[in-house]
Structure formats: structure tokens, C-alpha cells
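Below are the chains, spelled out letter by letter.
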Amino acid sequence: QVQLVESGGGLVQAGDSLRLSCAASGRTVANYQLTWFRQAPGKEREFVAAISLSTRYADSVKGRFTISRDNAKNTVYLQMNNLKPEDTAVYYCAARPKSPFLRVDSRNFDSWGQGTQVTVSS
């Protein structure tokens, strides 16, 4: 398994930007699909963005969020622009070995970070 540590969360106002980081150790991220999920209070964990040989985004964040990967730093990022109050959640980084298709179901991932809180005020 790969160990993951998220950082970069915080309290911001609507319209602001944040960049989350997910540092991996134990394995190289180049061999994994890295994915961001989020979970708001009282809601199920939901897919946000994924990166492997390609990228994929949830409709709710498309055009505002960008996922990227720095293989040299073994880190994946989530640049979040034009944040909205509905983006408030704990954001988790997850990893699974690469496969031909990007997976977006959290049940397909066995490596998780501890999460980082993002709070967007209106």
C-alpha cells in the first residue's frame, strides 16, 4: 500500500482559491491512480477528481478544480478555484494501482489519507 498525507485545507470565503496537496510514500505515484474524494457532514463520500494516464472530474467541480501530479515529488495536487459554500467538506486523497479505466467508486480504493478540512463561507 501507499501512505498518503493531505494538507492545504482551511477556511476561505466564496470565490477564493485553495490548493490541496497529497504527499505519497511507500510507492511511486506514477504507478497509481490518485483520486480526491470529499465528504460533507451528513452526506456520503463523493468523487471529486482523478488522475492516472488521464484526468476526470465530477460535474460539480468541472472548470473550477484541477488535479495534477508531480512524480518527482511523489505528490498530487488539487487546485480549487472559485470555491463555493457547497464545496465545504473533508477532502480525502486515495490511491489504487493503475487500471485501464479511471475508477470513481470509493470502494475500489484501499489506500487513504487522513483528510483535510475545507470550509467555504458565503
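Residues numbered from 1 in each chain as written. Predicted model: local features only at pLDDT ≥ 70, side-chain atom pairs only at ≥ 80, totals over all residues. Heavy atoms only, no water.

S.K.: Would you take a moment to explain the nonpolar core for this structure?
M.R.: A general trend in soluble globular proteins is that nonpolar side chains are found buried together. Counting 36 residues, the largest nonpolar core has Leu34, Trp36, Leu78, Met80 and Tyr91 as its most contacted members. Those elements that place two or more of their residues in this core are β3 (18–25), β4 (32–39), β5 (46–51), β7 (65–70), β8 (75–80), β9 (89–97) and β11 (116–121). Apart from the residues within four sequence positions on either side, Leu78 is in contact with Leu18, Arg19, Leu20, Trp36, Val48, Ala49, Phe65, Thr66, Ile67 and Tyr91. (Core = buried A, V, L, I, M, F, W, Y, C linked by side-chain atoms within 4.5 Å. Buried < 20%, exposed > 50% of the residue type's maximum accessible area, 1.4 Å probe, protein only. Helix = DSSP H or I, 4+ residues; strand = E, 2+ residues; numbered from the N terminus. Contact = heavy atoms within 4.5 Å.)

S.K.: Mind showing me how you'd approach the packing of aromatic side chains here?
M.R.: Pairs of aromatic rings are described using the distance from one ring centre to the other and the angle between the two planes. The full count for this structure, using the stated rule, is five aromatic pairs. With 5.3 Å between their ring centres and 75° between their planes, Phe37 and Phe109 make a pair best called edge-to-face. Taken together, the residues span a long stretch of sequence, with Phe37 in strand β4 and Phe109 in the loop between β9 and β10 (111–112) at a distance of 72 residues. Both residues of the pair, Phe37 and Phe109, count as buried. Relative to Trp112, the ring of Tyr92 has its centre 6.3 Å away and its plane inclined at 80°; by these criteria the two rings are edge-to-face. With Tyr92 in strand β9 and Trp112 in strand β10, this residue pair connects regions lying 20 residues apart in the sequence. Tyr92 gets classed as buried once you look at its relative accessible area, which sits at 14%. (Phe/Tyr/Trp six-rings, centres within 6.5 Å; stacked < 30°, edge-to-face > 60°.)

S.K.: Teacher, can you tell me more about the sheet that holds β7 here?
M.R.: Strands in a sheet are paired, the pairing made by backbone hydrogen bonds, and the direction either parallel or antiparallel. Pairing in this open sheet of four strands is antiparallel, and the strands run β1-β3-β8-β7 from one edge to the other. Where the open sheet ends on each side, the last strands, each with one partner, are β1 (3–7) and β7. With direction set aside, neighbouring strand axes in the sheet form an average angle of 15°. Bridge analysis of β1 against β3 gives five bridges, and the strand direction is antiparallel. Residue pairing for β3: Leu4 is matched across the bridge by Ala24. (Pairing = 2+ DSSP bridges. Axes fitted to C-alpha atoms, helices over the stretch in contact; angles between N-to-C directions.)

S.K.: Please clarify how the side chain of Thr75 should be interpreted in this entry.
M.R.: In this fold, Thr75 is placed in strand β8. Leaving out residues up to four positions away in the same chain, Thr75 has contacts with Ser21, Cys22, Ala23, Val29, Ser68, Arg69 and Asp70.

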